[in-house]
Amino acid sequence: MQVINWGIIGCGNVTEVKSGPAFNKVPGSRLLAVMRRDREKLKDYAARHDVPKTYQSADELINDPEIDAIYVATPPGSHREYALKVAGANKHCCLEKPMALNFTECQEIAEAFEGKDAQLFVAYYRRSLPRFNQVKAWIDSGRVGAIRHINWSYSRAPSAADLSPEYDWRTDPAVAGGGHFVDLACHGLDLFIHLAGDISEARGIAVNQQNLYDAEDAVSACWVFGSGSTGAGFWNFGANTYADEVVIYGSEGNIRFSVFADQPLVLETDEGLETVEIAHPENIQYFHIENMVKHLNGRGHHPAAGSEGAKVSQVMDQILAGFRK
């Protein structure tokens, strides 16, 4: 197996535990270089994670001849710029989610990699997690019959960052593409596409109920899959209680699970209830990174390769169309 040498652009919070360490834990993978503009934070990160090379320039990291693949872990507003540069250097690229600010940018990125040896991935790592592989196995084996409807209910209280007057890029539409809906709901909506097929049409209502920031903080939506199955969800970031429940209604049974919380998976059929508990790995992107390495070595196919990551951005654009006018 060829060892894939990785470079990270933007070694911030998401790379501390979720992803960064796994690049050195996955067989055939090595984290060779990291880039961050803040020199002190860059040196600190490299020392703590045993990374031999550091850069304050993204261009220098991208053009390092020892680097095979680049993980862009910056806010979505910069994904297009960096991805096009990585494509120009004919190197493999993994973009943090969401893939870009909007579907148009996603298409431009995907087109830049077409016809190249370089591969494109998006960090929709739930497609690679064992707990959701179990859900897919139940569906693919016919345990719930034909999917009729998927419903997702998500709510939480405003965070300390929401209530603070300090700037937060996650609720700045110009940098994040939207607010917490775009940041979080993309995970679940992408997972639903993985489980039930492409979404052919989506509609939504989005409002700002709290006026804490410029982005949407309450969203209701419905959609239809290409198969004819339907879906619906609501996401509210100013509620009193935390809730995160998905119900997949089938012709012969139902499946219940949480997108984010470490809750049991529950299969309900005429035969009774089946409960399965599958914990997340310490580094939640481990299996996603493992699948990228296998893909690049011709030993498997990554479930979020190529333009697959663009599909959910198109859905979110449709849901937020009225709010963005």
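Each remark here, short or long, concerns the structure printed above.
Turning to the packing of helix α4 (residues 79-88) against helix α5 (residues 103-113), a few remarks are in order. In contact at an axis separation of 9 Å, α4 and α5 are set at 10 degrees when each is read in the N-to-C sense. Looking at the two axes, α4 sits roughly parallel to α5. Contacts from H79, R80, A83, L84, V86 and A87 in α4 reach E105, E108, I109, A112 and F113 in α5. Of the residues that constitute the contact of α4 with α5, the class distribution is 7 nonpolar, 1 polar and 3 charged.

Under the criterion given, the structure shown has 20 salt bridges. Measuring nitrogen to oxygen at the nearest pair gives 2.9 Å for the salt bridge that ties R127 to D190. Of the two residues, R127 sits in the loop between β6 (120-122) and α6 (130-140) while D190 sits in helix α9 (residues 180-196), which places them 63 residues apart along the sequence. Judged by relative accessible area, D190 falls into the buried class, the value being 2%. Where D317 meets R324, a salt bridge forms, and the shortest distance between an N and an O atom there is 2.7 Å. When salt bridges with common partners are traced through the structure, they connect R127, D190, D198, E308 and K311 into a single cluster.

The next subject is the state of the cysteines. Under the defined criterion, the tally for this structure stands at 0 disulfides. Counting only cysteine sulfurs, C93 is the nearest neighbor of C94, a cysteine outside any disulfide, at a range of 7.0 Å. We note that C186 lacks a disulfide partner, and the nearest cysteine sulfur, in C106, lies 10 Å from it.

So, on to the pairing of strand β1 (residues 4-9). Within β1, 6 of the 6 residues are buried, which leaves the element mostly enclosed by the surrounding structure. Going residue by residue along β1, you find I4, W6 and I8 tucked away on one face and N5, G7 and I9 tucked away on the opposite face as well. Relative to strand β2 (residues 29-35), β1 runs parallel, the two being bridged by 6 bridges. Note on β2: the bridge partner recorded for I9 is M35. Relative to strand β4 (residues 69-72), β1 runs parallel, the two being bridged by 4 bridges. Each bridged residue has a counterpart across the sheet, and for I8 the counterpart in β4 is Y71.

Cut-offs applied
- Residues numbered from 1 in each chain as written.
- Predicted model: local features only at pLDDT ≥ 70, side-chain atom pairs only at ≥ 80, totals over all residues.
- Heavy atoms only, no water.
- Axes fitted to C-alpha atoms, helices over the stretch in contact; angles between N-to-C directions.
- Helix = DSSP H or I, 4+ residues; strand = E, 2+ residues; numbered from the N terminus.
- Parallel < 35°, antiparallel > 145°, perpendicular 65-115°, else oblique.
- Contact = heavy atoms within 4.5 Å.
- Nonpolar A, V, L, I, M, F, W, Y, C, P; charged D, E, K, R; others polar.
- Salt bridge = Lys/Arg side-chain N within 4 Å of Asp/Glu carboxyl O.
- Buried < 20%, exposed > 50% of the residue type's maximum accessible area, 1.4 Å probe, protein only.
- Disulfide = S-S within 2.5 Å.
- Pairing = 2+ DSSP bridges.

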